[in-house]
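Structural description and commentary
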Amino acid sequence: MTTLAEAIDITVRESQLRVAEPEASAALERVMGEPAVEARAQLRFAPGLTCEQLARMLDTALVRAQERGLAGDALVVSGGSAVAAEDIVRVRRKAHGIADWIRSATSDVTIVLRPKGLAAAASVAPPAAPPAETPVVPPTRPRVPETEAELAVREALYDVIDPDLGVNIVDLGFVRRVEIADDGVATITMTLTSAACPLTVVMESQIRTVLSEMGTEYVVQWEWLPSWRPHDISEDGRDQLRAIGFTAF
């Protein structure tokens, strides 16, 4: 049953926010129970205690509050959480042709604002009942090996080259699955170094070119979780990357 306080709550969530979980948790702890406007100022300007990522989330929350007719100075930070998420991996090119990977820690962050009076009442309310047990999800059935037709599509994708790295998308580990349905349409499940990578359109254009030569109908499905990692690169792909300056995987 939803309480009055929960119905009025302003909740903002961000997935893969570029801030490490310990930093995000510490920032939340510092402002918990504080008036929302003051909390935002602390996160943005307090010496040695800033966390701009969470301050921007409070910007969003306060705009939503205003849209609902709630004054920002009447709200407090009543709840929130930070959970470690998948790192974002990017390419970094150094001098003299050397390159490696940059890993950015991320968190899934939630911040809840609540009117001051309701927040105070909730703080002395009786404890809630323990949450129900999470149902056990059965393991996914392993996929059978790709058929000859699916392997032929995968083979064609070796001609699709990442324009930044100069290596084909199969050896880079970007092609996760190739599945051909009974109607002959191939579903290519792919990923890239991060969901923010701007090359999805470029990749799809190259795929269209190579598969049109085979007369294969297809769809591309982008899959961002689990995130791509350098260990997804094949040994042949590593050799090609070493040739252009990469030194660590």
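Here's a quick rundown of the structure. Quick caveat, the model's predicted, so the values are computed rather than measured.

Calculation notes
Residues numbered from 1 in each chain as written. Predicted model: local features only at pLDDT ≥ 70, side-chain atom pairs only at ≥ 80, totals over all residues. Heavy atoms only, no water. Core = buried A, V, L, I, M, F, W, Y, C linked by side-chain atoms within 4.5 Å. Buried < 20%, exposed > 50% of the residue type's maximum accessible area, 1.4 Å probe, protein only. Helix = DSSP H or I, 4+ residues; strand = E, 2+ residues; numbered from the N terminus. Contact = heavy atoms within 4.5 Å. Axes fitted to C-alpha atoms, helices over the stretch in contact; angles between N-to-C directions. Parallel < 35°, antiparallel > 145°, perpendicular 65-115°, else oblique. Left-handed = near helix turned anticlockwise from the far one by under 90°. Nonpolar A, V, L, I, M, F, W, Y, C, P; charged D, E, K, R; others polar. Phe/Tyr/Trp six-rings, centres within 6.5 Å; stacked < 30°, edge-to-face > 60°.

In terms of nonpolar packing, the biggest core is built from 29 residues, with Leu-157, Ile-169 and Ile-207 touching the most fellow members. Going through the elements one at a time, α6 (148-156), β4 (175-180), β5 (186-190) and α7 (200-212) are the ones with two or more residues in this core. If sequence neighbours within four positions are ignored, Ile-207 has contacts with Leu-157, Val-160, Ile-169, Ile-188, Met-190, Tyr-218 and Val-220. Among the nonpolar cores identified, the runner-up in size contains 25 residues, and Val-12, Val-19, Leu-58 and Leu-62 belong to it.

On to the packing of helix α2 (residues 21-31) against helix α3 (residues 36-45), then. Interaxial distance between α2 and α3 falls to 10 Å at its minimum, and their mutual angle equals 140°. With respect to α3, the axis of α2 lies oblique. In the packing of α2 onto α3, the handedness of the crossing is right-handed. Where α2 abuts α3, its residues Ala-27, Arg-30 and Val-31 lie against Ala-39, Gln-42 and Leu-43. Residues belonging to the contact of α2 with α3 are distributed by class as follows: four nonpolar, one polar and one charged.

Each aromatic ring pair is described using two quantities: the centre-to-centre distance and the angle formed by the ring planes. In the structure shown here, the tally under the stated rule is two aromatic pairs. For the ring pair Trp-222 and Trp-224, a centre distance of 5.7 Å and an interplane angle of 5° mean the geometry is stacked. For Trp-222, a relative accessible area of 23% translates into the label partly exposed. Among the residues examined, Trp-224 registers a relative accessible area of 27% and is labelled partly exposed.

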